[in-house]
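Now for the letters of each chain:
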Amino acid sequence: MEKKDYKKIVDKHKAKETRVQNGIVAFLTGGLVGVIAEFLIQVYSYFLDISTQDASVFMIVTLIFIAALFTALGFFDKWVNFAKCGLIIPITGFAHSMMSSGMEYKKEGLIYGIGSNIFKLAGSVILYGVVSAWFFGTIRFLLFGGV
Amino acid sequence: MTFKFNEVYINNTATVVGPYEKEGPLGNKFDKTYDDLYTGEKSWEKSETKLLEESIDILLNKTKKKKDEIDLIIAGDLLNQISASCYGVEKFKIPFLGIYSACTTSTEGILIASTFIDNKRIKNAIVSVSSHNMASEKQFRNPTEYGAPKPKTATFTTTGGASVLLQSTKTKVKVESATIGKVCNMDQTDPNNMGAAMAVAAADTIYNHLKDTKRDINYYDLIITGDLGIYGKDILIEYMKSEYGLDISANYNDSGVMIYNTETQEEVLAGGSGPACSPLVNYSYIIPLLEKKTLNKVLIVATGALFCPTFVYQKQPILSISHAVSLESVK
């Protein structure tokens, strides 16, 4: 049998993924994370009497802490599995990927374990985040000056 | 390539499993079960080693054999450098052959051991395999605490150790023949659909086994593949029909589908996989049926996806292989 005919059989017996449902769940949970973040910003700026910009930093730190803590407690992976991109795309996904890598390679020690592997998943995000920041920053500089 | 064996018999088997297998429909048939995936060890790798080691311990206990009475251990697993096997057999100080052919390692082991025994080089041999869900996730996929969503065609690596003692002295179950499979390639590249990569290897081996032995598909009471899963099973049935004109659906099943309840255990997705999947089902469930003569002739077709993340990232296809072993109840 030709490989392309085999592929037809494989495609015929593929499970139907619930893409629309996944999209709606991700939209709602991702939105919920946004609502919580906005709430945190308001709370921090009101009670600590700081600017919205500073409160945003506090909010990010809080979300990172919560995602890392929940990952360490062992149930955040189930939440991510359910919410999918709703929790992967926000900063919670980044924290989750670093925390889970760090935990996984703890047994291999500080250098060969945690140190070498903590950016296993997050490394791409950092590298291409920095590259694209440079790229778009350059475009902005060329088009609008340093404003 | 099919060999017939004259005097190779199964003395006994031993199985040790983790919590997901315990929850499955065969849960009460295993020799030992654990409720925790760490099985009391500090790492996944040590846990897998323990599963393999314990299955040999239990087997020696059940057969009342001392370790110096065993001529050879053949073992394999999925970890790099088949480490779980090497560390697992170390304490027994029995001559050891380490083998690898992914999830068809168990049948490869049985066919090598049977060849040694049938040629009267040795009197008996233990064949062991292990796999561990978390150790596999760590090695082949993502960190275990990372909640990466998976498609429904993905399979779930079984956690367990399984051992069998083969010997030349007669018992109720005979290793009748074995077929060595070929490496197959259908340009499958999706690591989340291993059933699709492996179905072609199973089909090739079943067809060649029947051709070499001049047997009809109905000769066997049961043909049982290794870990094709729900979707791979359907692919195999359809592919066998269209490629070889053989309808296997009447007496065919798959260990990966049998070991879990795929309806209630949602996390297993398409079913079980891993080197331990096929032997866990066969040793705990199928061989006892052969001993009771509920089944008389069974063809075990374990299936292995020769999956290497590095090669797949380099845009190479996922290869597969399948070795078959025919078991018969002795009259």
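Residues numbered from 1 in each chain as written. Chains lettered and ligands numbered in written order. Predicted model: local features only at pLDDT ≥ 70, side-chain atom pairs only at ≥ 80, totals over all residues.

A. Representation of the overall build of chain A. When its secondary structure is counted, chain A shows eight helices and zero strands. Taken from the N to the C terminus, the helices and strands of chain A come in the order α-α-α-α-α-α-α-α. A compact globule built from 147 residues should have a C-alpha radius of gyration of about 15 Å, whereas chain A, at 20 Å, is more than 25% larger. Principal axes of the C-alpha set define a box for chain A whose edges measure 70 × 45 × 35 Å. For chain A, buried positions account for 22% of its 147 residues. Across chain A, the fraction of contacts at a sequence separation of at least 24, relative to all contacts at a separation of at least 6, is 52%. (Helix = DSSP H or I, 4+ residues; strand = E, 2+ residues; numbered from the N terminus. Rg over C-alpha atoms; globule rule 2.2 N^0.38 Å. Buried ≥ 20, exposed ≤ 12 C-beta atoms within 10 Å, placed from the backbone. Contact = placed C-beta atoms within 7 Å.)

B. Structural detail: the domain arrangement of chain A. The assigned domain composition of chain A is domain 1 (3-89) and domain 2 (105-147). On a C-alpha basis, the centroid separation for the pair domain 1 of chain A and domain 2 of chain A is 20 Å. (Domains from an automatic or database assignment.)

C. Expanded view of the nonpolar core. In this structure, Leu166 and Ala199 of chain B are the most contacted members of the largest nonpolar core, which totals 106 residues. Top element by residues in this core is helix α6 (residues 194-213) of chain B. It accounts for 11 residues. The next biggest cluster of nonpolar side chains, apart from the first, holds 11 residues, and it includes Phe70, Phe76, Leu87 and Ile118 of chain A. (Core = buried A, V, L, I, M, F, W, Y, C linked by C-beta atoms within 7 Å.)

D. Layout of the domain arrangement of chain B. All names here are of chain B. According to the domain assignment, chain B contains domain 1 (2-167) and domain 2 (173-329). Between the C-alpha centres of domain 1 and domain 2 the distance comes to 18 Å. In this complex, domain 1 contributes 51 residues to the contact, which on the side of domain 2 involves 57 residues. The element best represented in the side of domain 1 that touches domain 2 is helix α4 (residues 105-118), accounting for seven residues. Counted by class, the side of domain 1 that touches domain 2 contains 23 nonpolar, 20 polar and eight charged residues. (Nonpolar A, V, L, I, M, F, W, Y, C, P; charged D, E, K, R; others polar.)

E. Quick look at the interface of chain A and chain B. Each partner contributes to the interface: chain A provides 26 residues, whereas chain B provides 23 residues. Class assignment of the residues belonging to the side of chain A that touches chain B gives a composition of 10 nonpolar, eight polar and eight charged.

F. Seen up close, the confidence of the model for chain A. Residues of chain A with pLDDT of at least 70 account for 99%, and the chain-wide mean is 93. Confidence, expressed as mean pLDDT per element, reaches its minimum in chain A at helix α5 (residues 85-88) of chain A with 91 and its maximum at helix α3 (residues 52-73) of chain A with 96. (pLDDT = per-residue confidence, 0-100.)

G. The pairing of strand β13 (residues 297-306) of chain B, seen in detail. All names here are of chain B. Most of β13 is tucked away, with nine of its 10 residues classed as buried. As paired elements, strand β10 (residues 222-225) and β13 share four bridges and run parallel to each other. Across the sheet, Thr225 pairs through a bridge with Val301, a residue of β13. Both β13 and strand β14 (residues 319-329) contribute to a ladder of 10 bridges, which runs antiparallel. Paired with Ala305 across the two strands is Ser320, which belongs to β14. (Pairing = 2+ DSSP bridges.)

H. Quick look at unusual backbone geometry. All names here are of chain B. Non-glycine residue Lys64 carries a positive phi angle of around 55°. Tracing the chain through its elements places Lys64 in the loop between α2 (44-63) and β4 (73-76). Judged by local crowding, Lys64 falls into the exposed class, with 8 C-beta atoms found within 10 Å. A positive phi angle is found at Gln81, which is not glycine, with a value near 55°. A residue is classified by how many C-beta atoms lie within 10 Å of it, and Gln81, with 10 of them, is exposed.

I. Spotlight on α3 of chain A. All names here are of chain A. The end-to-end C-alpha distance of α3, which contains 22 residues, comes to 31 Å, matching closely the 32 Å that a straight helix rising 1.5 Å per residue would cover. Restricting attention to buried positions, one finds in α3 the residues Ala55, Met59, Ala67, Phe70 and Thr71. Burial along α3 is one-sided: seen end-on, the buried residues are contained in an arc of 145°. For α3, the exposed residues lying more than 90 degrees away from the buried face are Val61, Phe65 and Leu69. Buried residues belonging to α3 abut α2 (19-47), α4 (76-83) and α6 (91-104). Of the residues one or two after α3, Gly74 is the one with positive phi, at around 95°. (Expected span 1.5 Å × (residues − 1). Arc of directions from axis to C-beta.)

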